[in-house]
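# Working through the structure, step by step
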Amino acid sequence: MIWSKSLVPTLREDPRQAENVSHKILLRAGFVRPLASGLYNYLPFGLKVCQKVTQIIREEMNRIGGQEMHLSALSPRSMWERSGRWNAFGDDMFRLKDRKQQDLALCPTHEEVMALIASKELRSYKELPQIWYQFQTKFRDEPRPRGGVLRTRQFTMKDSYSFDLDYEGLDASFKLHSEAYSRMFSRMGHDFFIVQASGGLMGAGESHEFMVEASSGEDISLVCPECDYRANAEVAEGRPVSSPALDSKKEKIHTPGLKTVEEVSGFLGVKPSQLVKSILFVKDGKPLLVLVRGDYDFSEEKLKRAFGTGLEPAENEDAEKHMGASLGFLGPQGVDIDIYADISLETADIFAAGANEDDYHILGISLSDDANIKEYMDLRTVRAGDGCPNCKGSLQEKRTIELGHIFKLGTKYSEAMGANVLDAEGKEHPIVMGSYGIGVERSMAALIDRYYKNDVMAWPVAVAPYEVQIVSLGENEVSGRFYKELASDGLDVALDDRDMAPGAKFADADLIGIPYRIVVGPRGLKQGKVDIRKLATDETINVAVDDVVTKVSQMISAEKD
RNA sequence: CGGGGAGUAGCGUAGUCCGGUUUAACGCGCCUGCUUUGGGAGCAGGAGAUCGGAGGUUCGAAUCCUCUCUCCCCGACCA
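Owing to the predicted nature of the structure, the values given are computational and were not obtained by experimental measurement.

## Notes on the overall build of chain A
A count of helical and extended segments in chain A gives 16 helices and 31 strands. By principal-axis analysis of the C-alpha atoms, chain A measures approximately 90 × 65 × 50 Å. Expressed as a percentage of its 561 residues, the buried residues of chain A come to 52%. Across chain A, the fraction of contacts at a sequence separation of at least 24, relative to all contacts at a separation of at least 6, is 68%. Total accessible area computed for chain A in this model is approximately 25300 Å², and 47% of it derives from carbon and sulfur atoms. Averaging the coordinates of the 69 positive side-chain charges in chain A and doing the same for the 87 negative ones gives two points 5 Å apart.

## Focus: the packing of helix α2 (residues 44-63) against helix α6 (residues 167-188)
Between α2 and α6, whose axes approach to 9 Å, the crossing angle comes to 150 degrees. The angle between the axes of α2 and α6 places the two elements in the roughly antiparallel class. Here the hand of the crossing between α2 and α6 comes out right-handed. In this structure, α2 contributes Val53, Ile56, Ile57, Glu59, Glu60, Met61 and Arg63 to the contact, and α6 contributes His177, Ala180, Arg183, Met184, Arg187 and Met188.

## Brief notes about the packing of aromatic side chains
In total, this model carries 14 aromatic pairs according to the counting rule given. Between Phe31 and Trp459 the ring centres are 6.0 Å apart and the planes differ by 10 degrees, which places this aromatic pair in the stacked class. Highlighted residues: Phe31 in the loop between α1 (21-28) and β1 (32-36) and Trp459 in the loop between β26 (456-457) and β27 (468-472), separated in sequence by 428 residues. Across the pair, Trp459 and Phe31 agree in class, each one buried. Note on Trp132 and Phe163: the rings are 4.4 Å apart at their centroids and 45 degrees apart in plane angle, and the pair reads as tilted. Of this pair, Trp132 sits in strand β7 (residues 130-139) while Phe163 sits in strand β8 (residues 154-164), and the two are 31 residues apart along the sequence. Judged by relative accessible area, which is 6%, Trp132 ranks as buried. We classify Phe163 as buried; its relative accessible area is 0%.

## Examining the nonpolar core
Within the largest apolar cluster, 56 residues are counted, with the highest numbers of intra-cluster contacts made by Phe31, Ile57, Met184, Met188 and Trp459. Those residues in contact with Met188, other than ones at most four positions away along the chain, are Val53, Ile56, Ile57, Ser443, Leu447, Pro460 and Val463. Counting 26 residues, the second largest nonpolar core, distinct from the first, contains Leu71, Tyr161, Tyr413 and Met433.

Calculation criteria
- Residues numbered from 1 in each chain as written.
- Chains lettered and ligands numbered in written order.
- Predicted model: local features only at pLDDT ≥ 70, side-chain atom pairs only at ≥ 80, totals over all residues.
- Heavy atoms only, no water.
- Helix = DSSP H or I, 4+ residues; strand = E, 2+ residues; numbered from the N terminus.
- Buried < 20%, exposed > 50% of the residue type's maximum accessible area, 1.4 Å probe, protein only.
- Contact = heavy atoms within 4.5 Å.
- Areas by Shrake-Rupley, 256 points an atom, 1.4 Å probe, with all protein chains shown as cover.
- Lys, Arg positive; Asp, Glu negative; His and termini not counted.
- Charge placed at Lys NZ, Arg CZ, Asp CG, Glu CD.
- Axes fitted to C-alpha atoms, helices over the stretch in contact; angles between N-to-C directions.
- Parallel < 35°, antiparallel > 145°, perpendicular 65-115°, else oblique.
- Left-handed = near helix turned anticlockwise from the far one by under 90°.
- Phe/Tyr/Trp six-rings, centres within 6.5 Å; stacked < 30°, edge-to-face > 60°.
- Core = buried A, V, L, I, M, F, W, Y, C linked by side-chain atoms within 4.5 Å.

Written as structure tokens, this is what we have:
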């Protein structure tokens, strides 16, 4: 790469719209340019990094027997209706009509398409297992794109799908992917860890996310410092912190207009943890009261899993009808609808709660005597300080970026699309599937977050846009010679031959982050020497002109192993 | 969708409250010439903006009013 003939539009100042580190550097280093909200153009250097990330993923996918294919990004409505996701995706799916007024979707993911292929092409258990993958542009009309390239409306995903005869096979495919992912992310230079996760829209089976800690992350992961328990906050379990028992006789108190936990606990002079938060839901027309300790929040994910998807928060009129009071004054005592309580309420028996009468709360109710609780379950969002479910440790919260996600899908899509095979007995079975995704551009952003320090970016060699950069300080002849020799040694080399002030060239080089830098200037050449700098450690060595090529090749190949 | 912020030259900003001394300013970048070359060079000259858009108020609007578009950040979704 010869800089004077290339497009590397670096920016001296932070662009106005960029807030987090990766966004700033991607723009300033001329890797990407915004087109519209959540849409980016990838300029040569940005593409280069994405290609290196892609190639690492490809190699590791091939290593576990993955077969690369390329599916259509456009898909017909009928296909999505078979799985029920034409509706399930809602506004997140980009939809359009063709000239015949037929509905099409830009695929947000490809479970259906893959299952459809399987349904047409796979007949026998003898053909299983299979792993198919692709790199594909995904389209999702995100409610809020953010963080530059971290969450966009169009992005490249490596998505793979496994096809097995049974669940033991799925477990094996899942494990293969988990190992492949660990190898890929290690090779890229991520400090990742694996957390238990929720399947979301994809499915309900076991799922793991590959996370890196980052201040710009969108997820909260709960991590036990004393054992290996790691989980996304959506699904994390934990032991609730204890709460001092409420020492109070039963007493009804006038609390006009006070509805929230903060208002009520403040007014009554009790801790939030001594209050019962009661939320009324309606499912299929039936009321359902769920309780959590006042200092915790409900986990929507857990509610969904416990009670299904048709769960709607009650309107005020439902509350009047079933509880005899408005929202904000509900409590579990003396009502005969189904009541489910979070396990945080097992830490004590005496609480304060809504009185089931407008503008009144009640102190000193006993959950065991006064409330008819059907079941205690895990319904709350676990938070830092809660006890680890596996050991005596207490959980910590970390803000994380989700690099990849692996799911056990089961037969949801194979059944929907009719993907069946015959087993050894000639009996037909739906194929057991898994699905596994990695966001390519996001990995690039996470690496910037990780490796940008003190105004210098230093890409890991494995994913750097180029491996070594020659900064020519008016010495283009010698520099050109190094360039040719390094390139013919098989190195990915960039040559900054621009006629600019040295400071400006160094500043650009710091921004771009090519991990090794050869500085060729008149000062060094007078002694027959040039400098080789390793950006990651900020070490510079002074080498004789004749040794430069071998030395640099050595340093880089050492790092590749 | 709810809450917050911002749109002025390629980029970053000032000016906006309190209309007119503004032919819209400054830094960087860009073009020409000469000089310079180990951490964002110097001098001289030059190009570049219908101040996000539409309407209105006014003798006069970047500045006031109305509507509208876009972008960013914080929350509900996901690679």
